[in-house]
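For reference, the chains in residue letters:
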Amino acid sequence: MKTKGNCVARKPKVGMISLGCAKNLVDAEIMLGSVLQRGMEITSQPKDADVLVINTCAFIDSAKEESIEAILEAHQQRGLNRRPDQKLIVSGCMSQRFAKELRQEMSEVDAFVGLDQVSELGAIIEKLLSKRRTLNAQRPTLNPDSSTLGVDSSNGDVGLAFADRRPTYIPDYDTPHFRLTPAHFAYVKIAEGCNHPCSFCVIPQMRGKHRSRPLQSVLAEIRGLVSEGVREINLISQDTTYYGMDLWPAKAGPRQPIDSTRGPTLAVLLREIQEIEGEFWVRLLYTHPAHWSDELIETIRQLPDKVARYIDIPLQHIDDAMLGRMRRETSRSHIENLIHKLRAGIPGVTLRTTFIVGFPGETEAEFASLLDFIRSTRFERLGIFKYSQEDGSRAAKMPGQIPAKIKSARYREAMSIQQQIAHDLAYEKVGSELKLLVDQPHIARSEGDAPDVDARVVLSEAAPVGEFVWRRITGSRGYDLLA
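First, a word on scope: everything that follows refers to the structure included in this document.

Definitions and limits used
- The written sequence of each chain sets the order in which its residues are numbered from 1.
- Local features in this predicted model are restricted to residues of pLDDT 70 or higher, and side-chain atom pairs are both shown and tallied only at a pLDDT of 80 or more, whereas totals for entire chains, interfaces and linings draw on every residue.
- Here the side-chain values reflect all heavy atoms present in the structure, with hydrogen atoms and water set aside.
- Secondary structure elements follow DSSP: runs of H or I no shorter than four residues count as helices, runs of E no shorter than two count as strands, and numbering proceeds from the N terminus.
- Throughout, radius of gyration means the C-alpha value; the globule benchmark is 2.2 Å times the number of residues raised to the power 0.38.
- Relative accessibility under 20% of the residue-type maximum defines a buried residue, over 50% an exposed one, and the middle range a partly exposed one, all with a 1.4 Å probe and only protein chains included.
- By definition in these notes, contact holds between two residues if any of their heavy atoms fall within 4.5 Å.
- Residues counted as positive are Lys and Arg, residues counted as negative are Asp and Glu, and His and the chain ends are not counted.
- By convention, charge coordinates are those of NZ in Lys, CZ in Arg, CG in Asp, or CD in Glu.
- We place a 1 Å grid over just the protein atoms. Points where a 1.4 Å probe fits but has no way out form a cavity, open points with protein on both sides within 12 Å along at least 5 of 7 lines form a pocket, and any residue with an atom within 4 Å of a point lines it.
- Grid points are joined across faces, edges and corners, and a volume is the space filled by probe spheres set on the points.
- Only Asp, Glu, Lys and Arg are considered charged, only Ala, Val, Leu, Ile, Met, Phe, Trp, Tyr, Cys and Pro nonpolar, and every remaining residue, Gly among them, polar.
- In these notes, a set of buried Ala, Val, Leu, Ile, Met, Phe, Trp, Tyr and Cys residues joined through side-chain atoms within 4.5 Å is what counts as a nonpolar core.
- Note on pairing: two strands pair once DSSP finds at least 2 bridges between them.
- Whenever a helix is involved, its axis is fitted only over the stretch in contact; in every case the axis is a line through C-alpha atoms, and angles between N-to-C directions fall within 0 to 180 degrees.
- Here the aromatic set is Phe, Tyr and Trp, taking the six-membered ring for Trp, and pairing holds for ring centres within 6.5 Å; pairs whose planes are under 30 degrees apart are stacked, those over 60 apart are edge-to-face, and all others are tilted.
- Only when the NZ of Lys or the CZ of Arg is both within 6 Å of the ring centre and within 35 degrees of the ring normal is a charge said to sit over the ring.
- Comment on the angle field: the value is read as roughly parallel under 35 degrees, roughly antiparallel over 145, roughly perpendicular from 65 to 115, and oblique elsewhere.
- The handedness criterion is simple: a crossing whose near helix is rotated anticlockwise from the far helix by less than a right angle is left-handed, and one whose near helix is rotated clockwise is right-handed.
- Note on definitions: salt bridges are taken to be side-chain nitrogens of Lys or Arg within 4 Å of carboxyl oxygens of Asp or Glu.
- In the analysis that follows, any N or O atom pair within 3.5 Å is treated as a polar contact, provided that within protein one partner can donate a hydrogen and the other can accept it, and provided that, for residues neighboring in sequence, both atoms belong to side chains.

The number of helices and strands found in the chain is twelve helices and 21 strands. Against the compact-globule benchmark of 23 Å for 483 residues, the chain has a radius of gyration of 23 Å, which places it among compact chains. Among the 483 residues that make up the chain, the fraction classed as buried is 57%. Residue pairs in contact within the chain that sit at least 24 positions apart in sequence constitute 72% of those at least 6 positions apart. In the chain, 63 positive and 63 negative side-chain charges are present, and the distance between their average locations comes to 3 Å.

What follows covers empty space enclosed by the protein. Per the stated rule, a full pass over the model turns up three cavities of 30 Å³ or more. Roughly 80 Å³ of volume is contained in the second largest cavity. For the second largest cavity, the full set of lining residues is Asp27, Ile30, Leu115, Val118, Pro167, Tyr169, Pro171, Lys189, Glu192, Arg207 and Arg211. Of the residues assigned to the lining of the second largest cavity, the class counts are six nonpolar, no polar and five charged.

So, about the nonpolar core. Counting 57 residues, the largest nonpolar core has Leu235, Leu269, Leu270 and Trp292 as its most contacted members. Once residues lying within four places of it in the same chain are set aside, the contact partners of Leu235 are Val188, Ile190, Ile222, Thr240, Leu266, Leu269, Leu270, Ile273, Val282, Arg283, Leu284 and Leu285.

Here we take up the sheet that holds strand β8 (residues 185-189). Reading across the sheet, the six strands line up as β8-β11-β12-β13-β14-β15 and stay open at both edges, with parallel pairing between neighbours. Of all the strands in the sheet, the pair left with one neighbour each is β8 and β15 (381-386). For this sheet, the mean inter-axis angle between neighbouring strands, taken without regard to orientation, is 20 degrees. Sheet analysis places β8 next to strand β11 (residues 232-236), joined by five bridges and oriented parallel. In the strand pairing of β11, Lys189 is matched with Ile236.

This part is about the packing of aromatic side chains. Inspection of the entire model under this criterion finds seven aromatic pairs. Geometrically, the ring pair formed by Phe185 and Tyr187 is edge-to-face, given 6.1 Å between the ring centres and 85 degrees between the ring planes. Here Phe185 matches Tyr187 in class, with each residue buried. When the ring of Phe373 is compared with that of Phe379, the centres are 5.8 Å apart and the planes differ by 65 degrees; the resulting orientation is edge-to-face. A relative accessible area of 0% means that Phe379 is categorised as buried. Looking at Lys386, its charged tip hangs above the ring of Tyr411, at a distance of 5.4 Å from the centre. Its end group placed over the ring of Phe185, Arg445 keeps NZ or CZ at 5.4 Å from the ring centre.

Two elements in contact, helix α11 (residues 364-377) and helix α12 (residues 404-428), have axes whose closest approach is 10 Å; the angle formed by their N-to-C orientations is 15 degrees. Of the possible angle classes, the one that applies to α11 and α12 is roughly parallel. For the element pair α11 and α12, the recorded crossing hand is right-handed. Residue-level contacts link Glu364, Phe367, Leu371, Ile374 and Arg375 of α11 to Arg410, Glu413, Ala414, Ile417, Gln418 and Ile421 of α12. Residue composition of the contact of α11 with α12, grouped by class: six nonpolar, one polar and four charged.

Take the pattern of salt bridges next. Here the structure, examined in full by the defined rule, presents 33 salt bridges. Because the salt bridges share partners, they merge into one network encompassing Arg10, Asp50, Arg83 and Asp85.

Take the pairing of strand β17 (residues 443-446) next. Side chains Ile443 and Arg445 project from β17 onto one buried face, and the interleaved Ala444 and Ser446 project onto a second face that is buried too. Pairing between strand β16 (residues 433-440) and β17: four bridges, direction antiparallel. Following the sheet pairing, Gln440 is matched in β17 by Ile443. Turn length for the β16-β17 hairpin, with the two strands adjacent in sequence and antiparallel, is two residues. One ladder, built from two bridges, connects β17 with strand β18 (residues 457-458); its direction is antiparallel. Residue Ile443 lies in a different strand from β18, and its bridge partner there is Val458.

Positive phi, close to 60 degrees, is recorded for Glu329, a residue that is not glycine. Residue placement: Glu329 occurs in the loop between α9 (320-326) and α10 (332-345). By relative accessible area, which is 24% here, Glu329 ends up partly exposed. For Arg378, which is not a glycine, the phi torsion comes out positive at approximately 55 degrees. Looking at the element boundaries, Arg378 is found in the loop between α11 and β15.

This part covers the side chain of Asp449. When you line up the elements, Asp449 lands in the loop between β17 and β18. A polar contact of 2.8 Å, which involves the side chain of Asp449, links it to the side chain of Ser446. For Asp449, the side chain forms a polar contact with the main-chain nitrogen of Ala455, separated by 3.4 Å. Filtering out sequence-adjacent residues up to four positions away, Asp449 remains in contact with Glu232, Arg283, Tyr310, Arg381, Asp454 and Ala455.

The following block contains the structure:
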């Protein structure tokens with residue numbers, strides 16, 4: 001450790017504000033893992049940080065606005081707290097997508113970190129604190145395969161070239177992490193990127209092509225988490241059901257039928273997870289309807305003690321014309337048949353989905369067909385997004401953009417229907433005995449409730465946090481259950 005006179009140099013403190021989805025949260029955990037690996041400290045108090053990282057989201061307009069507000073707020077607090085020496089780093093999807101623009105417009109930011117550099121944050125901070133001018137910490141394009149940051153030999157600065165290619169990074173089981181979730185549940189990213197051409201989305205442009213982690217890498221991480229006492233493993237990626245298919249010896253196309261005889265698949269992964277000792281749940285998030293198979297449904301049915309009967313399957317719409325304009329690679333008949341198979345093949349399954357309202361050209365008739373589908377299908381969990389016009393997406397240039405007032409009205413109408421459905425379904429649970437995972441002494445979740453996005457079970461008697469308990473449901477209150 002460096003010394004100056006008789007004083008021991010203090011370890012730099014790093015703070016993190018992470019926005020957006022669980023996939024972004026895992027990136028934050030990897031970044032903080034690299035910080036610890038470099039001997040720095042982590043603080044939960046932004047005002048105490050020598051370096052504050054804003055891990056941004058750029059999925060929709062509201063997420064970008066939240067990210068920009070967080071950056072500006074952090075800079076303002078830097079002044080109010082009389083910390084002009086505090087360094088401000090911006091990472092995440094917005095940094096990857098808009099680094100050039102942000103560099104020009106946000107001089108208050110000391111460095112921008114791309115998605116390929118999440119495991120290198122510690123090294124980036126070291127360079128930043130050594131007072132080298134760092135406007136962008138993405139790897140120089142002249143040496144894209146280098147594992148270290150480029151340094152300009154003429155002035156010692158970190159290379160300022162901006163990434164001109166899509167990310168390729170994927171974490172391994174031994175990549176250092178600093179867990180940001182409670183001790184009893186975790187998110188495990190099994191793949192990165194996406195191959196789908198959805199016209200409303202720019203994620204493939206931001207995060208690159210789909211790339212799966214090797215089977216043994218995922219299993220090693222899960223074994224480690226279970227040994228630490230984790231009771232719930234949430235499997236995440238942009239397209240969980242496509243897991244492993246890019247690793248087949250004969251490459252699979254985006255609409256290739258699932259076939260475990262050709263290589264690793266999600267079904268194979270789940271069967272291997274079943275063999276890991278310990279009491280825990282595995283939850284599937286972000287499954288694409290185009291990549292479900294009879295084999296996967298049967299696998300989940302056969303593994304009820306480890307795999308939660310919970311399917312997160314974003315559908316986005318049901319009208320065939322809308323699905324075509326969205327380039328969803330599915331049809332109404334495919335979706336209806338899949339939902340029938342899921343409910344018949346996995347008794348007691350909880351289905352969660354999301355829909356987009358106000359997509360360009362959505363007619364009243366197409367919106368009405370969506371409402372009828374919501375009423376008839378009675379999803380246990382459902383969310384609605386108002387369409388966001390994303391620069392760089394195909395849909396952004398489509399004619400028939402819907403006014404914000406109409407999008408908001410459609411959002412309210414759809415959610416009011418789902419609210420009544422959810423309240424009715426919650427009431428039907430009264431009298432049943434459910435296995436619950438305890439998040440707080442008086443708050444728990446059933447296997448039908450994912451962290452942060454779904455309902456809760458309010459406990460009348462306190463239970464040990466992080467443990468499974470069985471309780472009888474005595475009532476319901478809105479979306480939540482009482483036990």
